Amino acid sequence: MNTSSKENIQFFCKNSVQPIGSSSFKTEYPSSEEKPSRCGKLKVFLGGLSFVYFAKALTEGYLKSTITQIERRFDISSSLVGVIDGSFEIGNLLVITFVSYFGAKLHRPKIIGAGCLLMGTGTLLIAAPQFFMEQYRYEKYSPFSNSTLSISPCLLESSGQLPVSVVEKSQSKISNGCVQTVAIIGPIFGFLLGSLCAKLYVDIGFVNLDHVTITPKDPQWVGAWWLGYLIAGIISLLAAVPFWCLPKSLPRPQSRQDSNSSEKSKFIIDDHIKYQTHAGEKVKIMEMARDFLPSLRNLFGNPVYFLYLCASTIQFNSLFGMVTYKPKYIEQQYGQSSSKANFVIGLINIPAVALGIFSGGIAMKKFRLSMCGAAKLYLGSSVFGYLLFLSLFALGCENSDIAGLTISYQGNKPVSYHERALFSDCNSRCKCSETEWEPMCGENGITYASACFAGCQTSNMSGKNIVFYNCTCVGTVVSRSGNFSGMVGRCQKDNGCSKMFLYFLVISVITSYTLSLGGIPGYILLLRCIKPQLKSFALGIYTLAIRVLAGIPAPVYFGVLIDTSCLKWGFKRCGNRGSCRLYDSHAFRYIYLGLTTILGTLSIFLSIAVLLTLKKNYVSKRRSFINKRDKTMVSTRFRKNNHSTSDHLLHPSYWPGKETRL
């Protein structure tokens with residue numbers, strides 16, 4: 001399931017093992033009764049494989065979309081969320097190498113079916129904690145809806161009040177493009193499903209939603225992250241069904257045995273003789289295992305393959321880290337909701353990637369690019385893509401005005417790291433907890449960590465809207481007299497940030513398209529630089545390296561570095577540190593974009609090394625070919641001259657010097 005879809009399709013189409021005494025005539029010229037059965041099974045295999053790729057891509061896309069939801073629900077840091085995201089790839093470590101090596105020689109449909117069952121079961125288990133944990137808790141000032149009861153958010157030292165907590169919960173054409181297309185569609189549906197689930201309350205079906213006093217725009221909102229995993233798990237289990245009903249292989253149609261495209265015959269279809277098995281002959285596991293290490297040495301001894309593997313691994317570190325935390329970046333940098341961030345990624349960014357991949361494939365086919373041409377296109381897409389990516393550094397938003405964290409309570413100067421303090425003279429009489437994070441937007445445009453830190457004395461609630469009055473800290477900034485009021489939630493960022501978000505989307509789409517242009521050329525380059533009999537194994541090693549060295553570590557160290565930009569940490573009820581409530585926008589932007597750019601630059605240098613190695617090998621091979629051709633021409637000319645001389649000598653009318661005399 002992790003090797004190339006083309007490898008799966010073409011191996012399945014190879015001639016089946018012939019029983020003893022069977023006629024070879026039936027194999028080469030199948031009857032008309034056998035053709036519908038064979039074509040029907042091939043369609044089932046192709047459709048099932050496409051569905052598997054869709055299910056796998058859907059699950060991966062949905063996992064990326066739930067990063068912020070899981071972080072808030074379990075109150076954990078970004079680095080730990082990165083470990084959870086990377087653990088999605090850990091299961092591949094135990095089987096991917098051996099499946100890619102032995103899978104081409106064993107019953108591949110059943111291996112794929114078993115993988116689907118395992119993947120579906122694991123996906124369902126991800127959602128299990130929701131059904132064993134207590135309902136989600138968030139802090140609010142009043143549990144009563146449609147109430148006008150006045151309460152005092154600022155708990156004075158003489159007051160014995162406690163805050164009120166609320167508990168809430170056509171067949172050849174199809175085989176050439178079909179599977180990859182479905183695999184690209186999967187992440188689109190994954191992010192769109194994430195957007196839909198993020199709008200639903202986490203404990204939907206377990207609590208009365210009329211009593212939920214927060215909205216998806218509230219920083220404490222957690223969506224129904226678990227619902228999508230149930231859907232993805234069921235889809236994965238259904239994808240396994242057809243593969244248990246398929247044979248090990250099918251005879252290749254006669255029309256395709258003699259007519260193969262030059263690209264496919266050279267780089268896709270395996271040597272027919274290598275996999276031809278005779279009657280009564282069984283594959284021995286030990287004999288295949290003996291060739292494992294020699295095959296591995298052969299692969300890593302290929303300089304082009306090794307350099308391309310290193311370049312791809314570093315580039316995928318960049319891409320995995322960027323994609324994993326892109327929804328979080330959009331939320332924190334531009335003040336967008338989790339649902340909107342997932343919707344934008346699924347509906348705009350991923351289609352741009354799909355279009356770029358198809359454009360790269362069309363360019364390869366139309367211009368018939370050689371290995372050097374493919375390497376140049378792969379390198380060019382990376383260079384221009386990361387150059388465009390640099391422009392995102394200028395498309396950031398300023399930090400929100402948070403009293404005591406980004407600006408002073410007087411609202412007249414930024415606060416340095418050493419001066420950050422949530423307590424001030426205006427709220428000194430209030431018994432506020434430093435662990436509180438219930439943002440309130442004052443009428444002065446400044447956000448306060450809570451109404452208590454704003455020094456608010458009273459509040460009124462009508463429906464789900466809470467308005468606070470007589471906020472002493474708001475009065476220190478507002479010069480005019482008034483109630484010094486505020487409302488629950490953060491203050492909206494200025495209009496300039498909305499424009500920046502629009503520009504970010506445009507540049508992000510163009511960058512995604514440009515970077516993905518090199519996808520197909522890089523894949524073709526990978527297949528052309530290795531021996532045909534090692535293709536399946538090489539693709540398995542390539543996939544293993546990408547997952548182990550990029551898919552697992554990238555989200556972890558991206559998360560660790562992003563955590564360093566946190567301005568306000570939350571705390572669990574046990575007293576341990578929880579998830580980050582507020583990030584420094586500038587630091588987050590420089591870490592997120594800078595790390596992606598640095599990794600991309602390193603991959604570009606390795607891609608240049610790939611191109612130089614290809615040119616060097618191409619020149620040396622071309623010289624050797626020319627030398628052999630010249631030697632062949634000289635020897636051929638010499639033989640012709642000798643043959644002509646002997647013919648003259650044997651001719652009865654020939655004597656020495658005849659041609660000279662004539």
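Treat the numbers as computed from the prediction; the structure is a model and nothing was measured.

Counting secondary structure elements, the chain contains 26 helices and nine strands. Across the 662 residues in the chain, those meeting the buried criterion constitute 48%. Surface accessibility of the chain: about 32,500 Å² in total, with carbon and sulfur atoms responsible for 63%.

Let us look at the pairing of strand 8 (residues 566–571). With five of six residues buried, strand 8 lies mostly within the body of the structure. Both strand 8 and strand 9 (residues 577–583) contribute to a ladder of four bridges, which runs antiparallel. Of the residues in strand 9, the one forming a bridge with Phe-571 is Arg-577.

Before going further, it helps to examine the pattern of salt bridges. A full pass over the atoms with the stated rule returns seven salt bridges. Glu-331 is the partner of Arg-72 in a salt bridge, and the nearest nitrogen-oxygen pair spans 2.9 Å. Glu-331 sits in the buried class, given a relative accessible area of 8%. A salt bridge links Asp-75 to Arg-581; its shortest N-O distance comes to 3.3 Å. Residue Asp-75 is classed as buried on the basis of its relative accessible area, which comes to 12%. Judged by relative accessible area, which is 23%, Arg-581 ranks as partly exposed.

Let's shift gears to the state of the cysteines. Under the counting rule described, the total for this entry stands at six disulfides. What pairs with Cys-432 in a disulfide is Cys-452, and their sulfur atoms sit 2.0 Å apart. One quick way to see it: the torsion about the S-S bond of Cys-432 and Cys-452 is about -95°, and its sign makes the bridge left-handed. With Cys-432 in the loop between helix 19 (371–390) and strand 3 (440–442) and Cys-452 in the loop between strand 4 (447–448) and strand 5 (458–462), this pair connects stretches of sequence that are 20 residues apart. A single burial state applies to Cys-432 and to Cys-452, both of which are buried. Sulfur-sulfur distance for the disulfide between Cys-456 and Cys-471 comes to 1.9 Å. Since a negative S-S torsion denotes a left-handed disulfide, the Cys-456-Cys-471 link at about 100° is right-handed. Of this pair, Cys-456 sits in the loop between strand 4 and strand 5 while Cys-471 sits in the loop between strand 6 (465–469) and helix 20 (472–475); the two residues are 15 residues apart in sequence, bridging distant segments of the chain.

Turning to unusual backbone geometry, a few remarks are in order. The general pattern is negative phi for most residues beyond glycine and trans for most peptide bonds. Here Asp-75, not a glycine, exhibits a phi torsion of approximately 55°, which is positive. As for its position among the elements, Asp-75 is in the loop between helix 4 (67–74) and helix 5 (78–87).

Glancing now at the packing of aromatic side chains. Using the criterion set out here, one finds 26 aromatic pairs in the structure. With 6.3 Å between their ring centres and 15° between their planes, Phe-51 and Phe-54 make a pair best called stacked. Pair noted here: Phe-51 and Phe-54 are both in helix 3 (residues 34–65), with a separation of three residues, about one helical turn. A residue is classified by how much of its surface remains accessible, and Phe-54, at 16% relative accessible area, is buried. Their ring planes at 70° and their centres at 5.5 Å tell us that Phe-131 and Trp-226 sit as a pair that is edge-to-face. Given a relative accessible area of 7%, Trp-226 falls into the buried group. Each residue in the set Tyr-329, Tyr-334, Phe-501, Phe-504, Tyr-583, Phe-588 and Tyr-592 is aromatic and connected to the rest through ring pairs, giving one cluster. Lying over the aromatic face of Trp-569, Arg-577 brings its terminal NZ or CZ to 3.7 Å of the ring centre. Positioned over the ring face of Tyr-590 is Arg-589, at 5.3 Å from the centre of the ring.

Ranked by size, the top nonpolar core spans 34 residues in total, and within it Leu-299, Tyr-305, Tyr-308, Tyr-542, Val-610 and Leu-614 carry the most contacts. When residues in this core are grouped by element, the largest group, seven residues, is from helix 23 (residues 535–551). If we ignore the near neighbours within four places in the chain, the residues touching Tyr-308 are Tyr-378, Gly-522, Tyr-523, Leu-525, Leu-526, Tyr-542 and Val-610. The next biggest cluster of nonpolar side chains, apart from the first, holds 31 residues, and it includes Tyr-325, Phe-389, Cys-580 and Leu-595.

On to the packing of helix 5 against helix 24 (residues 553–563). Angle between the axes and distance between the axes are the two parameters that describe a pair of packed helices. Axis separation between helix 5 and helix 24 bottoms out at 7 Å; the angle between their running directions is 170°. Between helix 5 and helix 24, the interaxial angle falls into the category roughly antiparallel. Each of Ser-78, Ser-79, Gly-82, Val-83, Asp-85 and Gly-86 in helix 5 lies in contact with helix 24, whose residues at this interface are Pro-555, Val-556, Gly-559, Val-560, Ile-562 and Asp-563. Tallied by class, residues from the contact of helix 5 with helix 24 come to five nonpolar, five polar and two charged.

For Gly-122, the location among the structural elements is in helix 7 (residues 108–126). Remark: the alpha-carbon pair of Gly-122 and Phe-88, spanning 34 residues in sequence, is separated by 9.3 Å.

To continue, consider helix 7. End to end, helix 7 covers 27 Å across 19 residues, agreeing with the expected 27 Å (1.5 Å per residue, within 8%). Turning to helix 7, its buried residues are Arg-108, Pro-109, Ile-112, Gly-113, Cys-116, Met-119, Gly-120 and Thr-123. End-on, the buried residues of helix 7 take up no more than an arc of 135°, which puts them together on one face. Along helix 7, the residues that are exposed and aim more than 90 degrees away from the buried face are Leu-118 and Leu-125.

With that settled, the discussion passes to a nonpolar patch on the surface. A cluster of nonpolar residues, Leu-388, Leu-502, Tyr-503, Val-506 and Ile-510, forms a patch on the protein surface that exposes about 430 Å² of accessible area. With four residues, helix 21 (residues 495–516) is the largest single contributor of residues to the nonpolar patch. Within the fold, Tyr-503 resides in helix 21.

For Lys-326, the location among the structural elements is in helix 17 (residues 326–334). Put simply, Lys-326 is tucked away with no salt bridge, and the nearest opposite charge, on Glu-331, sits 13 Å away. A distance of 2.5 Å separates polar atoms of two side chains, one belonging to Lys-326 and the other to Ser-508. Once residues within four sequence positions are removed from consideration, Lys-326 is found in contact with Ile-345, Asn-349, Phe-504, Ser-508, Ser-512 and Tyr-592.

Moving on: helix 22 (residues 519–528). Of all ten residues in helix 22, eight are buried, a share of seventy percent or more. Looking only at helix 22, the buried set comprises Pro-521, Gly-522, Tyr-523, Ile-524, Leu-525, Leu-526, Leu-527 and Arg-528.

Moving on: the confidence of the model for the chain. Note that predicted coordinates carrying low pLDDT should not be read in detail. Residue-level pLDDT values for the chain average 77, and 71% of them are 70 or greater. The least confident element of the chain is strand 2 (residues 165–167), whose mean pLDDT is 34; the most confident is helix 16 (residues 303–324), at 95. Within the model, the stretch residues 1–7 combines pLDDT values under 50 with 29 contacts to residues more than four positions away or in other chains. Counting contacts from residues 9–34, a segment whose pLDDT is below 50, to residues more than four positions away or on other chains yields 56 contacts.

Basis of the calculations
Residues numbered from 1 in each chain as written. Predicted model: local features only at pLDDT ≥ 70, side-chain atom pairs only at ≥ 80, totals over all residues. Heavy atoms only, no water. Helix = DSSP H or I, 4+ residues; strand = E, 2+ residues; numbered from the N terminus. Buried < 20%, exposed > 50% of the residue type's maximum accessible area, 1.4 Å probe, protein only. Areas by Shrake-Rupley, 256 points an atom, 1.4 Å probe, with all protein chains shown as cover. Pairing = 2+ DSSP bridges. Salt bridge = Lys/Arg side-chain N within 4 Å of Asp/Glu carboxyl O. Disulfide = S-S within 2.5 Å. Phe/Tyr/Trp six-rings, centres within 6.5 Å; stacked < 30°, edge-to-face > 60°. Lys NZ or Arg CZ within 6 Å of the ring centre and 35° of its normal. Core = buried A, V, L, I, M, F, W, Y, C linked by side-chain atoms within 4.5 Å. Contact = heavy atoms within 4.5 Å. Axes fitted to C-alpha atoms, helices over the stretch in contact; angles between N-to-C directions. Parallel < 35°, antiparallel > 145°, perpendicular 65-115°, else oblique. Nonpolar A, V, L, I, M, F, W, Y, C, P; charged D, E, K, R; others polar. Expected span 1.5 Å × (residues − 1). Arc of directions from axis to C-beta. Patch = residues over 30% accessible without salt bridge, like charges linked within 9 Å, V, L, I, M, F, W, Y side chains within 5 Å. Lys, Arg positive; Asp, Glu negative; His and termini not counted. Polar contact = N/O pair within 3.5 Å; in protein donor to acceptor, adjacent residues only side chain to side chain. pLDDT = per-residue confidence, 0-100.

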